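# Topology and contacts: notes
Listed below are the residues making up each chain.
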Amino acid sequence: MSRFLSGLYASLKEYVPGEQPQDKKYVKLNTNESPFPPSPGVVAAVTDEEVRKLCLYSDPESKLLKAKLAENYLLESENVFVANGSDDILNFAFMAFARENGAAFPDISYGFYPVFADLYNIDAKIIPLEEDFSIDYKKYLSCGKMVVIANPNAPTGKVLPKNEIEEIIRTNSDNVVLIDEAYVDFGAESCVDLVEKYDNLLVVQTFSKSRSMAGARLGFAFASKEIIKDLEKIKYSTNPYNLNRLTQLMGVKALEEQEYYDNNCKVIAANREFTVAELEKIGFSVIPSKANFIFAKHEKLSGEKIYQKLKDNGVLIRHFTSERIKDHNRITIGTKEQMQVLINKLIEIIGEEEK
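If you're wondering where the values come from, they're calculated on a predicted model, not measured in any experiment.

### A short note on the packing of aromatic side chains
Tallied over the entire structure, the rule returns 18 aromatic pairs. An aromatic cluster is present here, built from Tyr15, Phe94, Phe105, Tyr110, Phe112, Tyr113 and Phe116 joined pairwise through their rings. Positioned above the aromatic ring of Phe207 is the side chain of Arg211, whose terminal nitrogen or guanidinium carbon lies 5.0 Å from the ring centre. Against the face of Phe274 rests Lys336, its NZ or CZ located 4.6 Å from the ring centre.

Okay, here's the thing in structure tokens:
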């Protein structure tokens with residue numbers, strides 16, 4: 001760390017992304033990426049002609065992409081915001097809507113929430129999950145802060161019912177309620193249809209998970225026209241050309257081929273149920289999930305040991321060190337073949353430990 005970094009930032013505890021090791025080929029089940037490539041139209045869209053256009057700036061308004069998102073989600077373009085990954089939108093939301101009254105979010109959730117709170121010196125009310133890792137919605141009612149809830153939650157995969165989310169929105173009418181739906185397409189119910197009913201609701205989604213575009217960095221959000229204008233103000237005060245030409249083009253093409261992605265989500269959900277059943281046979285307890293990952297704990301082996309043994313055997317999963325969840329591991333759901341490799345390796349590891 002240099003001597004030039006401001007004291008405020010020097011003390012930040014930054015977000016730690018999932019491992020992207022290059023030392024050997026892994027079965028990669030640690031960062032919730034899709035195991036499937038983008039749809040054929042997305043791949044075909046990146047032509048020589050389009051690449052040559054990179055000498056020109058992208059459309060700062062992302063008109064075609066916003067129009068297609070609005071069409072697919074039955075809203076107006078004025079209700080749509082797009083950005084360089086959903087993390088950008090979360091960043092803007094903390095900056096714009098939480099600095100005055102603060103923010104409230106669970107203690108076990110997406111790791112960027114406390115980072116953004118620290119970055120902007122925001123008063124954060126961190127609310128512990130219940131013993132079963134569920135969110136008690138009553139603890140967020142009329143809380144007087146920006147509420148931030150991932151639904152399904154990460155890393156647990158648990159879902160908060162839509163009627164309970166609506167009650168949170170209704171009772172916090174003077175503050176933004178941000179519902180982070182990064183994993184909603186794998187079996188949960190979206191709150192997008194509530195955007196026209198509540199002017200304080202901000203729904204954030206991404207192309208990274210269900211639409212196989214984690215490397216393209218494309219996030220989007222739906223909200224009232226006023227909230228979208230607020231986000232646009234922040235964008236135009238930081239980086240007007242926040243989405244490159246190819247990402248915008250690929251986003252439109254992906255939305256035109258939604259059936260392809262819907263089918264992939266069904267396959268991942270089926271693989272999730274298969275994996276849960278197989279893990280339970282060998283001594284794991286698994287939290288019910290509606291995401292493209294599961295959160296699992298073995299009855300005898302520590303989370304850290306399982307993580308390290310799998311890594312040694314060429315399988316990457318995600319281990320967290322915080323006290324409440326240190327014996328759990330988050331496992332991304334991949335192809336059926338990848339999940340079978342995981343199961344086989346775990347059977348070997350457990351067998352060796354029991355000798």
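### So, the environment of Glu196
Relative to the helices and strands, Glu196 is located in the loop between strand S6 (177-180) and strand S7 (201-206). Judged by its relative accessible area of 64%, Glu196 is exposed. Taking the C-alpha atoms as reference points, Glu196 and Asn79, 117 residues apart in sequence, are found 8.9 Å from one another. Once you skip the residues sitting within four places of it in the chain, Glu196 turns out to touch Leu74 and Leu75.

### With respect to the layout of surface pockets
Within this model, the largest pocket holds a volume of roughly 1300 Å³. For the largest pocket, the lining is made up of 47 residues, of which Tyr15, Val16, Tyr110, Gly111 and Phe112 are closest to its centre. Of all elements in the fold, only helix H5 (86-97), strand S3 (103-106), helix H6 (112-119) and strand S4 (124-127) reach the threshold of two or more residues within the lining of the largest pocket. Considering only residue class, the lining of the largest pocket consists of 22 nonpolar, 13 polar and twelve charged.

### Here's the deal with the packing of helix H4 (residues 63-73) against helix H9 (residues 245-256)
Helix packing geometry: the angle between the two helix axes and the distance between the axes. Contact geometry of H4 with H9 gives a least axis separation of 9 Å together with a crossing angle of 20°. Between H4 and H9, the interaxial angle falls into the category roughly parallel. Our pair here, H4 against H9, has a crossing hand that is left-handed. Every residue of H9 that contacts H4 at Leu64, Leu65, Lys68, Leu69 and Asn72 is listed here: Gln248, Gly251, Val252, Leu255 and Glu256. Split by residue class, the contact of H4 with H9 holds five nonpolar, three polar and two charged.

### Topic: the environment of Lys197
Of note, Lys197 is situated in the loop between S6 and S7. A relative accessible area of 55% means that Lys197 is categorised as exposed. Sequence separation between Lys197 and Arg170 is 27 residues, and the spatial gap between their C-alpha atoms is 9.8 Å. At 2.6 Å, the side chain of Lys197 and the side chain of Glu166 are in polar contact.

### Thoughts on the sheet that holds strand S10 (residues 293-298)
To summarise the sheet geometry, strands pair through backbone hydrogen bonds and adopt either a parallel or an antiparallel arrangement. Ordered by their spatial adjacency, four strands build an open sheet running S9-S10-S13-S12, and the pairing between neighbours is antiparallel. Bordering the open sheet on either side are strand S9 (284-287) and strand S12 (318-319), each of which pairs with just one other strand. Taken together, the two bridges between S12 and strand S13 (residues 328-332) define a ladder with antiparallel strand orientation. Among the inter-strand pairings, Arg318 is bridged to a residue of S13, identified as Arg330. The sheet contacts of helix H10 (residues 258-281) involve S9, S10 and S13, and relative to S10 the element is tilted by about 0°.

### Here we look at the sheet that holds strand S2 (residues 80-83)
Spatially, the seven strands line up as an open sheet ordered S2-S8-S7-S6-S5-S3-S4, and their pairing is mixed. Every interior strand has two partners, whereas the edge strands, S2 and S4, have only one. Shown here is a sheet whose adjacent strand axes are inclined to one another by a mean of 20°, direction ignored. By the bridge criterion, five bridges tie S7 to strand S8 (residues 219-223) in an arrangement that is antiparallel. Looking at S8, one finds that Val203 is bridged to Phe222. Sheet strands in contact with H5 are S2, S3, strand S5 (146-150), S6, S7 and S8, and its direction is about 155° off that of S7.

### So, empty space enclosed by the protein
Under the defined criterion, the tally for this structure stands at one cavity of 30 Å³ or more. Empty space within the largest cavity amounts to approximately 40 Å³. Taken together, Phe284, Ala296, Lys297, His298, Ile306, Leu310, Ile317, Asp327, Asn329, Ile331 and Leu346 make up the lining of the largest cavity. Among the elements of the structure, S10, helix H11 (303-312) and S13 are those that each provide at least two residues to the lining of the largest cavity. The greatest single-element share of the lining of the largest cavity, amounting to three residues, is contributed by S10. Residues of the lining of the largest cavity, tallied by class, amount to seven nonpolar, two polar and two charged.

Basis of the calculations
- Think of each chain on its own: its residues are numbered from 1, step by step along the sequence as written.
- Reporting in this predicted model follows two pLDDT cut-offs: at least 70 for local features of residues, and 80 or more for side-chain atom pairs to be given and counted; totals over whole chains, interfaces and linings ignore these cut-offs and use all residues.
- Water and hydrogen atoms were dropped before computing side-chain values, which therefore reflect all heavy atoms in the structure.
- Side-chain rings of Phe, Tyr and Trp (the six-membered ring for Trp) are treated as a pair once their centres are within 6.5 Å; stacked means planes under 30 degrees apart, edge-to-face means over 60, and tilted covers the remaining angles.
- Geometrically, a charge over a ring is one whose NZ (Lys) or CZ (Arg) sits within 6 Å of the ring centre while staying within 35 degrees of the ring normal.
- We count a stretch as a helix when DSSP gives it H or I for four or more residues in a row; a strand needs E for two or more, and each element gets its number in order from the N terminus.
- Accessible area is worked out with a 1.4 Å probe on protein chains only. A residue is then buried under 20% of its type maximum, exposed over 50%, and partly exposed in between.
- We call two residues contacting when some pair of their heavy atoms lies within 4.5 Å.
- In this analysis the probe radius is 1.4 Å and the grid spacing 1 Å, with only protein atoms considered; a cavity is a set of points the probe fits into but cannot get out of, a pocket is an open set with protein on both sides within 12 Å along at least five of seven lines, and lining residues have an atom within 4 Å of a point.
- Grid points are joined across faces, edges and corners, and a volume is the space filled by probe spheres set on the points.
- The residue classification treats Ala, Val, Leu, Ile, Met, Phe, Trp, Tyr, Cys and Pro as nonpolar and Asp, Glu, Lys and Arg as charged. All others, Gly included, are polar.
- Working convention: axes come from line fits to C-alpha atoms, limited for helices to the stretch in contact. Angles between N-to-C directions cover 0 to 180 degrees.
- We call two directions roughly parallel when the angle between them is under 35 degrees, roughly antiparallel when it is over 145, roughly perpendicular when it lies between 65 and 115, and oblique otherwise.
- By the definition used in this description, the sense in which the near helix is turned from the far one sets the handedness, with an anticlockwise turn below a right angle giving left-handed and a clockwise turn giving right-handed.
- Think of a polar contact as two N or O atoms within 3.5 Å of one another; within protein, one of them needs to be a possible hydrogen donor and the other a possible acceptor, and neighboring residues in sequence only count if both atoms come from side chains.
- A strand pair is defined by DSSP finding two or more bridges across the two strands.

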